[in-house]
Every structure is written in C-alpha cells, then in structure tokens.
Amino acid sequence: MGKSTVLGNWEAVTIIINLICTKIFLNYPRLAVEAGGTAAWMFTAYISALALVGFTVIQALYKPFEGKDLLDIAELAAGSAGRIAVGLVIALGAGWGATAYMRVFSENMKLISLTTSPLSYVELFFVACLVGGAYFGLEALSRIHAFSVPIIATGFMLIMIGVVNYIDFGHLLPILGNGPREIFINGAPKVSVFFEILFLFLLAPSLRKHENLKAAGYWSLGLSILFLLISVLVFSSVFPYPSSLEGTVPIFHIARLIKLGRFFQRVESIFLLIWAAAALLYISVCFYFILWAFQKAFRLDYYKPLILPFAIIVMSISFIPTDFTEVMIYEVQVFRQWSWIAAFLLPALLLVLARLRKKKSARKGQAA
Amino acid sequence: MITGGYIVLIALLLCVAFYTSSYGVWTWRKGNRLGAAMVFLVAVLTVVLPVYIMVFKEV
C-alpha cells in the first residue's frame, strides 16, 4: 500500500471483522460443532481467548516498531531473505483465502440460486470484483468496508433474531460436548480461525500510531468473537447435535426457518445478499494482499500490471479441486489446523528477532 | 476438442502474458533481476494454468 494511504481505526476494524467473520457464512458453525459437539460455544470461547492472548503478546512486542509492517520487520530481523520468505508466506495465505473462498462461495451460490449456470460463469463475477477492488486500491476497499460491514452485520443479526422461536438451550447439553480433551487440547490449533488478524500487521503503516493498531486489533477481535459466538450459540441451540453436522451452509439453513406470518417468507434472500457481499469483500481484500505482498517482497515498483495475471492464476487454481467438499477438507484439516503458525508464531518470532538485532546495533553504536 | 472459443481464450491469455512480460523486461532493465524473474514466472503461469484447466478439467 502506498505510504500516503491513511486508514482510520473504523476502516481497519471493519476490514478485519469481515475477514474473520466471513467464515460464519461458510462453515464456521459446523467446524465448531465438529470440534466441540454440543459445547461448540465453549470451543469458540476457548480459541477466542487464545487469539486474544496471542494478539496481546504480539502488540506488546510491536511497540518499538510503530508504522512498520510485517515485511519491514522481517527485513530488520532477517534481511532480504526474511522479507522475501515472509512475503511469500503472506501471499500464500492470502492466496489460499482468495482461491478457496472463491471456489466455495461460487459452488454454494450455484447450489442455492444459480443452479443451471456453469461454475466458470459464476466465478467471473467474483473475478471482476477482485480486479476492480485491486485496481482502486486499499483506500477504496476500506471505504466500501466501512459502509458495507455494518449492513452485513445488521442482516446477520436480523437472521439470528428471526430464529429465536426455534432456540432450545436443551440442545447445548451435555455441557462439555465432545469432552475437555477434544475442546481444550485437540481444539487449540483451531485458533487458526483467527488467521486473518495477520493482515492487521500489514495495515500498521496506514494506522500510523501503535495505539491505533492496538485499538483496531482489540475492537476487531472483540466484535468478531461476539459474532462467532452468536452464530455458534444460535446454530447449536436450533439444530440438535449430531444432525447439526448435516447442513452444508449452516446459516442458510437457519435463515430458511424464518417465517414471519403470511407476508414475510423466504427471508433467506437477505442471507444471499449479505453472504455475497461479505464473500466479495473478503476475496477482494485477500487478492489485494497477494499483490501487495508480492510487490513488496520482490521490491517491484508497481502492482497494477500484475492484477490481470494474478486474477487469472487465482481463478485457475480455484478450479483444480474436484469439488467444494475437497476444498473444505483442505480448509478445515490443513489450513485451519496449521495457519496459527503464520498468524501468531511467525510475527512473534520476527518481532523478538528484530528487537534483538535493534539492541545489538544500539550497543555497537554506543561502543563506537 | 479445441473449439474456436478456446482459441480466442488462449489468444487473450497470451496477450496478458505478453503485457506481464513487458513489465518483467522493464523491471530487469531497472536492475531488479529477482523481481523480473518472478514477474516472468507469473507470466508463464498465466498461460500454463488456464490451459491445464481447459485440457484436464471441465468447468
């Protein structure tokens, strides 16, 4: 992103909330039920607490590097090789987000509303949006987020409130669900659900001050945790376990239950609208970060000549898996199992290394 | 079977790859060899991946 791009806290918060919470519309409630059973809410609270601890440590380490993004810090810690390696890790992470979500959302869109259209036709809409988003840049993307995310959140809350009649808290028993071992030990790597917090550290130069980074991080994590908890609580108290594991698109199944008298039916159309909006914003931001990381890692002067080639590559890769079940297997069993290393461990290690190097060079300066 | 649509699509992909390569050449001339090599790799993938999808996958 350009040095002159300045983001307000609200813009950064909405970008991160959308990045973390889009998976609610995709598979998060089901992932939580798979991990925790009837205690899916407890599993969510647990991984949220882990994410908060991780962010607290990273933001504390970040204090002396005000206005520097993660690639700058990687360069301070490990030179050009570090910058390139971290840039590639970020590009791969964002690339997975863009390709997997593009495929899954297109497949689901085809399943729900565009049943006779070919997949490549549905994906073209996503590609057009991500090309437009990358072309207009971070400032335009952040403004669209600041405007759209409150509307998406309101639509989501309306759906959650609409199924209040179907909630039965008896479905949350037994209280420990699949057992403490499944939730607290095997469930811990699923903190990768918050992988997208990594992108906040790329926005650091646009947020200018460390205080802004800290506030944006806590607000975005806090609100994301709230939405994740609400979605899981409603989902697992509306659908009894284990039949809650059957639905492909959990929130869509919830939305289909809503019937407000004879005149307000088929409320799932609201769901389709907010779902498509959230997915488009998610994919556009991920795509922008692929370009940004690639440009910065290899010290290229411009990223705009790479928009079309990368859009073609992302679209092509999204067609490689046989079906969207295969994508979901990789998403749940690989990406959401291991990406905590890139999101939490990598920034912490880089920050510690950069601090050590800084101290060393300060000592050398004093000795000279 | 290769249809007219595929030929048009491949021609478009080649145009994008050519445009990307010209950016690679410009980067090379500025002395950023590694950056230029990566841009060339992107240009190659722009053609190879979609052709692979067209040949081996039906979408």
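Quick caveat, the model's predicted, so the values are computed rather than measured.

Calculation notes
- Note on numbering: residues in each chain are counted from 1, in written sequence order.
- Working convention: letters from A go to chains and numbers from 1 go to ligands, in the order in which they are written.
- In keeping with the model being predicted, local features are shown solely for residues with a pLDDT of at least 70 and side-chain atom pairs are shown and tallied solely at 80 or more, while totals for entire chains, interfaces and linings include all residues.
- What counts as a helix is a DSSP run of H or I of at least four residues, what counts as a strand is a run of E of at least two, and both are numbered from the N terminus.
- Exposure is read from a count of other C-beta atoms within 10 Å of each residue's own; the residue is exposed at 12 or fewer, buried at 20 or more and partly exposed in between. C-beta atoms are placed from the backbone.
- Just to be clear, the radius of gyration here is over C-alpha atoms, and the globule rule we use is 2.2 Å times residues to the power 0.38.
- For the purpose of contact definition, each residue receives a C-beta atom placed from its backbone, and two residues are in contact when these atoms lie within 7 Å.
- Working definition: the nonpolar core is a set of buried Ala, Val, Leu, Ile, Met, Phe, Trp, Tyr and Cys residues, joined through C-beta atoms within 7 Å.
- Residue-level confidence of the predictor is what pLDDT reports, using numbers from 0 through 100.
- Put simply, Ala, Val, Leu, Ile, Met, Phe, Trp, Tyr, Cys and Pro go in the nonpolar bin, Asp, Glu, Lys and Arg in the charged bin, and everything else, Gly too, in the polar bin.
- As a rule, the C-alpha atoms of each element are fitted with a line to give its axis, helices using only the stretch in contact, and angles between N-to-C directions run from 0 to 180 degrees.
- Here the word oblique covers every angle except those under 35 degrees (roughly parallel), over 145 (roughly antiparallel) and from 65 to 115 (roughly perpendicular).
- A clockwise turn of the near helix away from the far one marks a right-handed crossing, whereas an anticlockwise turn of less than a right angle marks a left-handed crossing.
- One fewer than the residue count of a helix, multiplied by 1.5 Å, yields its expected span.

Along its length, chain B carries two helices and zero strands. The buried share among the 59 residues of chain B stands at 24%.

Tallying secondary structure elements over chain A gives 13 helices and zero strands in all. Shown N-terminal to C-terminal, the secondary structure of chain A runs as helices and strands in the order α-α-α-α-α-α-α-α-α-α-α-α-α. A globule of 368 residues ought to have a C-alpha radius of gyration of about 21 Å, and chain A, at 21 Å, matches this closely. Across its three principal directions, the C-alpha atoms of chain A cover 80 × 45 × 35 Å. Considering chain A as a whole, with its 368 residues, one finds that 52% of them fall into the buried category. Contacts in chain A between residues at least 24 apart in sequence constitute 85% of all its contacts with a sequence separation of at least 6.

Our next topic: the nonpolar core. Residue and element names in this part refer to chain A. Of all hydrophobic cores here, the largest spans 140 residues; its most connected members are Ile16, Ile283, Phe287, Phe289, Ile290 and Leu291. Element by element, the count of residues in this core is highest for helix α10 (residues 268–297), at 20 residues. Excluding its chain neighbours within four sequence positions, the residues that come into contact with isoleucine 290 are Ala91, Ala94, Gly95, Ala98 and Phe310.

Keep in mind that low pLDDT regions are not for reading the predicted coordinates in detail. In this model, chain B carries a mean pLDDT of 91, and residues with pLDDT of at least 70 account for 93%. Predicted as a complex, the structure gets a pTM of 0.93 and an ipTM equal to 0.95.

Before going further, it helps to examine the interface of chain B and chain A. Contact residues are listed per partner, giving 19 residues for chain B and 16 residues for chain A. Every element with two or more residues in the side of chain B that touches chain A is listed here: α1 (4–29) and α2 (33–56) of chain B. The dominant element in the side of chain B that touches chain A, judged by the number of residues it contributes, is α2(B), at ten residues. The residue makeup of the side of chain B that touches chain A, split by class, is 13 nonpolar, five polar and one charged.

Another aspect to go through is unusual backbone geometry. Residues and elements named next belong to chain A. For the bond from leucine 173 to proline 174, the omega torsion is 5°, close enough to zero to count as cis. Relative to the elements of secondary structure, proline 174 occurs in the loop between α5 (119–162) and α6 (180–185). The omega torsion across tyrosine 241 and proline 242 is 10°, close enough to zero to call that bond cis. Among the structural elements, proline 242 can be located in the loop between α8 (210–238) and α9 (250–255). Phi angles above zero are rare outside glycine, and arginine 208 is one such case at about 65°. Within the element layout of this structure, arginine 208 appears in the loop between α7 (204–207) and α8. On the basis of neighbour counts, which here come to 13 C-beta atoms within 10 Å, the residue arginine 208 falls in the partly exposed class. With phi around 50°, arginine 299 is a residue other than glycine that occupies positive phi space.

Moving on to the packing of helix α1 (residues 9–26) of chain A against α10(A). Residue and element names in this part refer to chain A. Contact pair α1 / α10: the axes reach a minimum separation of 9 Å and the direction vectors enclose 125°. In this view, α1 runs oblique relative to α10, as classed from their interaxial angle. Both α1 and α10 take part in a crossing whose hand is left-handed. For the pair α1 and α10, the contacting residues are Ile15, Asn18, Leu19, Thr22 and Phe25 in the first and Trp275, Ala278, Ala279, Leu281, Tyr282 and Val285 in the second. Considering only residue class, the contact of α1 with α10 consists of nine nonpolar, two polar and no charged.

Residues and elements named next belong to chain A. With respect to the secondary-structure elements, methionine 42 resides in helix α3 (residues 40–62). In this structure methionine 42 comes out as buried when scored by C-beta crowding, with 20 C-beta atoms within 10 Å. Placed 142 residues apart in sequence, methionine 42 and phenylalanine 184 show a C-alpha to C-alpha distance of 9.3 Å. Sequence-distant contacts of methionine 42, that is, excluding residues within four places in its chain, are made with Gly36, Gly177 and Ile183.

With that settled, consider the environment of A:Ser148. All names here are of chain A. With respect to the helices, strands and loops of the structure, serine 148 is situated in helix α5. Residues serine 148 and threonine 14, spaced 134 residues apart in sequence, show a C-alpha to C-alpha distance of 8.7 Å. Those residues in contact with serine 148 that lie beyond four places of it in its chain are Ala277 and Leu281.

So, on to helix α11 (residues 307–318) of chain A. Over its twelve residues, α11(A) extends 16 Å from the first C-alpha to the last, a length consistent with the 16 Å expected when each residue adds 1.5 Å. Of all twelve residues making up α11(A), ten are buried, and the element is well covered by its neighbours. Of the positions making up α11(A), those classed as buried are A:Leu308, A:Pro309, A:Phe310, A:Ala311, A:Ile312, A:Ile313, A:Val314, A:Met315, A:Ser316 and A:Ser318. Considering only its buried residues, α11(A) is in contact with α4 (70–112), α5 and α10 of chain A together with α1 and α2 of chain B.

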